[in-house]
Amino acid sequence: MPKTHDVIVIGGGPAGYVAAIRCAQLGLAVACVDERVDARGEPSPGGVCLNVGCIPSKALLDSSEQFERLKHQFPSHGISVDNAAMDVGKMLARKEAIVGKLTGGISLLFKANAVESINGRAQLLRERTVAVTPPSGGGGKTRTLSADHIILAPGSAPIELPGIPFDHDRVADSTDALSFARVPARLGIVGAGVIGLELGSVWRRLGAEVVIVEALDEFLALADHQIAREAARQFKRQGLDIRLGATLQKADKTSDGLRLEYQQKGEAHTLEVERVIVAVGRRPATAGLLADDSGVALDAGGFIEVDDRCRTAADNVWAVGDAVRGPMLAHKGSEEGVAVAERIAGGAGHVDFNTVPWVIYTAPEIAWVGQTEKQLKAQGVPLRTGAFPFAATGRALAMEEPVGMVKMVAHAQTDRLLGVHMIGPHVSELIAECVLAMEYSAGAEDLARTIHAHPTLSEAVHEAALAVDKRAIHKAN
Ligand code: NAI
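Draft legend 1. Structural view of the overall build of the protein chain. A tally of regular secondary structure across the protein chain gives 13 helices and 22 strands. Over its C-alpha trace the protein chain gives a radius of gyration of 24 Å, about what one expects of a compact globule, namely 23 Å for 477 residues. Counting only C-alpha atoms, the protein chain reaches 70 × 60 × 45 Å along its principal axes. Counting across all 477 residues of the protein chain, residues that qualify as buried make up 52%.

Draft legend 2. The pairing of strand S15 (residues 275-278), seen in detail. Here S15 shows no split at all, with Arg-275 and Ile-277 on one side and Val-276 and Val-278 on the other all buried. Two strands pair when backbone bridges link them, and strand S8 (residues 171-172) and S15 are joined in this way by 2 bridges, in the parallel orientation. By the bridge assignment for S15, Ala-172 is matched with Ile-277. By the bridge criterion, 4 bridges tie strand S9 (residues 186-190) to S15 in an arrangement that is parallel. Counterpart to Val-190 in the pairing with S15 is Val-278.

Draft legend 3. Structural detail: helix H8 (residues 330-344). An ideal rise of 1.5 Å per residue puts 21 Å on 15 residues; H8 measures up with 21 Å between its terminal C-alpha atoms. Burial runs high along H8: 11 of the 15 residues are buried. Those residues of H8 that sit buried are Lys-332, Gly-333, Ser-334, Glu-336, Gly-337, Val-338, Ala-339, Val-340, Ala-341, Arg-343 and Ile-344. The elements touched by buried residues of H8 are strand S1 (5-10), helix H1 (14-25), strand S6 (143-152) and strand S17 (317-319).

Draft legend 4. Expanded view of the environment of Leu-418. Structurally, Leu-418 is set in strand S22 (residues 417-424). On the basis of relative accessibility, which here comes to 16%, the residue Leu-418 falls in the buried class. Residues Leu-418 and Val-381, 37 residues apart in the sequence, show an inter-C-alpha distance of 9.9 Å. Setting aside residues no more than four positions away along its own chain, Leu-418 makes contact with Val-369, Gly-370, Gln-371, Leu-376, Val-381, Leu-383, Val-409, Ala-410, His-411 and Met-438.

Draft legend 5. A look at the sheet that holds strand S21 (residues 405-411). Taken together, 5 strands build an open sheet; the order of strands is S18-S19-S22-S21-S20 and the sheet is antiparallel. What marks the edges here is a single partner per strand, and that holds for strand S18 (358-360) and strand S20 (383-389). Strand-to-strand, the axes of this sheet are offset by a mean angle of 10 degrees, without reference to chain direction. As judged from the 6 bridges shared by strand S19 (residues 365-370) and S22, these two strands associate in the antiparallel manner.

Draft legend 6. Region of the structure containing the site of the ligand. Around the ligand, 23 residues are found, and the nearest of them are Ile-195, Glu-214, Ala-215, Gly-281 and Val-359. The separation between an oxygen atom of the ligand and a polar main-chain atom of Ile-195 is 2.9 Å. Within the backbone of Val-359, one N or O atom sits 2.8 Å away from a nitrogen atom of the ligand. In the complex, 78% of the free accessible area of the ligand, which totals 850 Å², lies under the protein chains. Going through the elements one at a time, helix H6 (194-205), strand S12 (246-254) and S18 are the ones with two or more residues in the shell around the ligand. Its residues assigned to classes, the shell around the ligand shows 16 nonpolar, 4 polar and 3 charged.

Cut-offs used in this document
Residues numbered from 1 in each chain as written. Predicted model: local features only at pLDDT ≥ 70, side-chain atom pairs only at ≥ 80, totals over all residues. Heavy atoms only, no water. Helix = DSSP H or I, 4+ residues; strand = E, 2+ residues; numbered from the N terminus. Rg over C-alpha atoms; globule rule 2.2 N^0.38 Å. Buried < 20%, exposed > 50% of the residue type's maximum accessible area, 1.4 Å probe, protein only. Pairing = 2+ DSSP bridges. Expected span 1.5 Å × (residues − 1). Contact = heavy atoms within 4.5 Å. Axes fitted to C-alpha atoms, helices over the stretch in contact; angles between N-to-C directions. Near = heavy atom within 4 Å. Polar contact = N/O pair within 3.5 Å; in protein donor to acceptor, adjacent residues only side chain to side chain. Areas by Shrake-Rupley, 256 points an atom, 1.4 Å probe, with all protein chains shown as cover. Nonpolar A, V, L, I, M, F, W, Y, C, P; charged D, E, K, R; others polar.

Here's what the structure looks like:
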């Protein structure tokens, strides 16, 4: 069939919509197909991230954090508020308004860039032909499109535990957990990963008793061990009950909730909760995406197989974001989308996986870039490390948030920064400086000789860099 577009992007999440906009900027005729609709049946681009992921969860994290501060931090500032109360309905409405603003913003960006936005479910057929079925109830006809290049960006969906299917009520997934109409008295969470910790924090701050069961013995195994240890200490102090080495076996409905059964150190335990959020990871959303003769290969886990340039097994079919290897992070997907658009337009796109920042939006926040001390030691890399506590910075004290630290890991001989790990106030923002430093192959000395404003939280980054060379000013070395 004759081509309808230069590029068709399947999926309108942060990987897909960014790829589509970048293609359009580069002069390509591009369509972006996404099936999501909002409660009114209107197209709602932006994928999981904008609709039911990063953005709404941050809205709730912010609301609940304000409430927590009101109760526990305001009094030490001399501010007292009687009868503070949280209106959950208003909080949820604020979250929905933010989501609406952002998804509407993507539609405007599509218009401004002349990206054709198509609402429907796409399937890739042979030779870069795409069948688009309108959303159910839409009543429209299936459309067939064809392009020189296809970018697959279908995203991911929550993993269901065998035998414990989501009923989207008592057994909730991460989407359901963004819309509980009232605060559960006792909330179980399966998985102490990123979602479990963020959503667990939201509902605990609003008054739920939260118990998290985590299969691994090690807490936050991905993070640096010192950061993870401090995080465990802080979360425990806040009242998050995290049970490690605990694997959920069963969830039976009771008259007013669920009885969870889990194994811990070979022993069976039970736990009565009102609801449970299952947050045990995400799987690629590739079911039904590819016709048998599309030429694209999936691996055993359903991920789209790609090379290091995001090329699939089929000619001029690319894949980006959560459905391909690498961390399931919005910004990783967006960068892959940009890189692929630039490659299609004849340029040289590049994504450096070693400088992808990680952020967990708990309080204190956790952020890192590069490798951990443990990973580097296992590779036999000679290291110097430097750490600096926020408690020793005037700004964190003034903010009443003297918690956590910045830890820097540098090569012992070349001084090149290999990893920076943080827990503390606003580290989601502070990490950007260190990502840039690593992107430019900086040494710890480069950060140590960079002037940081006083008094700011960024002084902890500066002092950690000085500490690598044992010359931090505001702590003993
Ligand atoms: P995760 O992979 O971060 O954590 C899942 C946890 O569940 C693991 O610690 C695992 O050991 C545990 N687990 C698995 N099966 C279990 C069982 N049967 N019983 C008890 N524990 C069990 O996955 P999560 O939190 O669901 O997040 C999914 C993805 O979304 C992640 O890849 C994450 O990167 C991404 N995400 C990122 C965010 C951010 O950047 N701030 C926010 C939310 C999600």
